[in-house]
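# Architecture at a glance
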Amino acid sequence: GLYLMRQWTRTERPARRDVFRLVGASMSFRRSALLGIGLFDERFTFGAEELELCYRMRRHRPDVRLVLESEARVVHNFRPSLGDTLRRSRSYGRGTARFSRRWRSVRPTVFPVPVPVAALAVAAVARPRLAPLALAAPALLFPSGLAAALRARRPERLLDAYVQLMQETCANAGVAEGLWAARHLDPGAGPAPEPAHVAAEGSTV
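Nothing here was measured: the structure is a model prediction, and the numbers come from that model.

Quick notes on the rules
Residues numbered from 1 in each chain as written. Predicted model: local features only at pLDDT ≥ 70, side-chain atom pairs only at ≥ 80, totals over all residues. Heavy atoms only, no water. Helix = DSSP H or I, 4+ residues; strand = E, 2+ residues; numbered from the N terminus. Buried < 20%, exposed > 50% of the residue type's maximum accessible area, 1.4 Å probe, protein only. Contact = heavy atoms within 4.5 Å. Patch = residues over 30% accessible without salt bridge, like charges linked within 9 Å, V, L, I, M, F, W, Y side chains within 5 Å. Areas by Shrake-Rupley, 256 points an atom, 1.4 Å probe, with all protein chains shown as cover. Salt bridge = Lys/Arg side-chain N within 4 Å of Asp/Glu carboxyl O. Axes fitted to C-alpha atoms, helices over the stretch in contact; angles between N-to-C directions. Parallel < 35°, antiparallel > 145°, perpendicular 65-115°, else oblique. Left-handed = near helix turned anticlockwise from the far one by under 90°. Nonpolar A, V, L, I, M, F, W, Y, C, P; charged D, E, K, R; others polar. Phe/Tyr/Trp six-rings, centres within 6.5 Å; stacked < 30°, edge-to-face > 60°. Lys NZ or Arg CZ within 6 Å of the ring centre and 35° of its normal. Polar contact = N/O pair within 3.5 Å; in protein donor to acceptor, adjacent residues only side chain to side chain. Core = buried A, V, L, I, M, F, W, Y, C linked by side-chain atoms within 4.5 Å.

### Thoughts on the overall build of the protein chain
- Helix and strand content of the protein chain: eight helices and two strands.
- When the helices and strands of the protein chain are placed in sequence order, the string is α-β-α-α-β-α-α-α-α-α.
- Dimensions along the principal axes, computed over C-alpha positions, put the protein chain at roughly 70 × 40 × 35 Å.
- Considering the protein chain as a whole, with its 205 residues, one finds that 31% of them fall into the buried category.
- Once local pairs closer than 6 in sequence are excluded, the contacts in the protein chain between residues at least 24 apart make up 77%.

Given below as structure tokens:
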């Protein structure tokens, strides 16, 4: 329900707010918050490594706050392409699968929309009358691109829904790959805790 609600509504959020996890591309911690839990689990090479760290931190240090400061900006210089976007989505899917194998009580993230859309596309092969509905389904399920196209008068934004559908499909494929690849992952293994004497209280890493 929350997933579908986010597709259709926009909620104003405060610029500074508590969050469940931070994004590895731009985050910092007080070193004291990491004492006793270690750093990144090196079995997470790309995708969900920051999710696993933040989850472990919240489990062992419930007093620690993870705060998003939306006014802070970090610029990454790269040229995004569709192929790279889909590759990263697949990697994120593999990462969340490893995360769920590391922490067995957590379910992997599987996106629901690609399944009915694919089923509708298959049905349209046998019943061509369903073809227009199959073609329009992504735009109806992900209407933010349509709204942006109308608001900004940018017709290319109509493709946003189809890109999001491809991203979620690749992420689901990554989850399946990750669950298989991590089927023997030992939940008990992980990073060694950082000794308490390595840094003074209040420093950051």
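### Brief notes about a nonpolar patch on the surface
- The grouping of Leu-146, Leu-150 and Leu-158 at the surface amounts to a nonpolar patch, some 290 Å² of accessible area in total.
- Counting through the fold element by element, Leu-146 comes out in helix H7 (residues 144-152).

### Quick notes on unusual backbone geometry
- The backbone of Ala-48 sits at a positive phi, close to 75 degrees, despite the residue not being glycine.
- Counting through the fold element by element, Ala-48 comes out in the loop between helix H2 (31-34) and helix H3 (49-60).

### Quick word on the packing of helix H4 (residues 82-102) against helix H8 (residues 160-181)
- In contact at an axis separation of 7 Å, H4 and H8 are set at 40 degrees when each is read in the N-to-C sense. Between H4 and H8, the angle falls in the class oblique. The crossing of H4 and H8 is right-handed. Here Leu-82, Thr-85, Leu-86, Ser-89, Arg-90, Gly-93, Arg-94, Thr-96, Ala-97, Ser-100 and Arg-101 of H4 come into contact with H8, specifically with Val-163, Met-166, Gln-167, Cys-170, Ala-171, Gly-174, Val-175, Glu-177, Gly-178 and Leu-179.
- For the contact of H4 with H8, the residue count by class is nine nonpolar, eight polar and four charged.

### Remarks on the pattern of salt bridges
- Using the criterion set out here, one finds 13 salt bridges in the structure.
- Among the salt bridges present, the one from Asp-41 reaches Arg-43, with a minimum N-O distance of 2.8 Å.
- Judged by its relative accessible area of 4%, Asp-41 is buried.
- Arg-88 is the partner of Asp-84 in a salt bridge, and the nearest nitrogen-oxygen pair spans 3.1 Å. Of the two residues, Asp-84 and Arg-88 both sit in helix H4, four residues apart, roughly one turn of that helix.
- In this structure, a network of salt bridges that share partners links the residues Asp-41, Arg-43, Glu-52, Arg-56 and Arg-102.

### Details of the packing of aromatic side chains
- Taken as a whole, this structure holds four aromatic pairs when the rule is applied.
- Positioned above the aromatic ring of Trp-103 is the side chain of Arg-102, whose terminal nitrogen or guanidinium carbon lies 4.2 Å from the ring centre.
- It is Arg-183 that lies over the ring of Trp-180; its NZ or CZ is 3.8 Å from the centre.

### Some details on the side chain of Glu-52
- By the secondary structure assignment, Glu-52 is in helix H3.
- In this structure the side chain of Glu-52 is engaged in a polar contact, spanning 2.7 Å, whose partner is the side chain of Arg-56.
- Contacts of Glu-52, omitting those with residues within four sequence positions, involve Asp-41, Phe-44, Phe-99, Arg-102 and Trp-103.

### Structural notes on the nonpolar core
- By size, the foremost hydrophobic cluster in this structure holds 11 residues: Val-19, Leu-22, Phe-29, Ala-33, Leu-34, Ile-37, Leu-53, Cys-54, Met-57, Val-64 and Leu-66.
- Counting residues per element, the ones that place at least two in this core are H2 and H3.
- Counting residues per element, this core draws most heavily on H3, at three residues.
- If we skip the residues at most four places from it in the chain, Val-64 touches Ala-33, Met-57 and Arg-58.
- Listed in part, the 10 residues of the second largest apolar core include Val-117, Ala-124, Ala-161 and Leu-165.

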